[in-house]
Amino acid sequence: FKLVQGCGVLWKPSDTAVLAGYRIYQVMKEAGLPDGVVNFIPCEGPVFGDTITASPDLAAINFTGSVA
């Protein structure tokens, strides 16, 4: 939804789905998605979470999928 509103998106894929996520990201780029709109950032969850929540520019966090 934020992507449709013109906001930049940080996409941190699940540790178990990095390759599948990267393939989807590649398809979006090949379809013409401009640089900086979706930023694919595979990394450890706690490192990613600590880094983004420290930013005063963070507007929202959306979790999808299982948390188990």
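Shown above is the structure to which this text applies.
Cut-offs and rules
Residues numbered from 1 in each chain as written. Predicted model: local features only at pLDDT ≥ 70, side-chain atom pairs only at ≥ 80, totals over all residues. Heavy atoms only, no water. Phe/Tyr/Trp six-rings, centres within 6.5 Å; stacked < 30°, edge-to-face > 60°. Helix = DSSP H or I, 4+ residues; strand = E, 2+ residues; numbered from the N terminus. Buried < 20%, exposed > 50% of the residue type's maximum accessible area, 1.4 Å probe, protein only.

(A) View of the packing of aromatic side chains. Tallied over the entire structure, the rule returns four aromatic pairs. Seen from their ring centres, Tyr22 and Tyr25 are 6.2 Å apart, and the 35° between their planes marks the pair as tilted. Here Tyr22 and its partner Tyr25 are both found in helix 1 (residues 18–30), three residues apart, which amounts to about one turn of the helix. Residue class for Tyr22 comes out partly exposed when judged on its relative accessible area of 35%. Tyr25 gets classed as buried once you look at its relative accessible area, which sits at 17%. Ring geometry for Tyr22 and Phe40: centres 5.6 Å apart, planes at 55°, overall tilted. Of this pair, Tyr22 sits in helix 1 while Phe40 sits in strand 2 (residues 38–40), and the two are 18 residues apart along the sequence. Members of the aromatic cluster, each reached through a chain of ring pairs, are Trp11, Tyr22, Tyr25 and Phe40.

These figures come from the coordinates and say nothing about function on their own.
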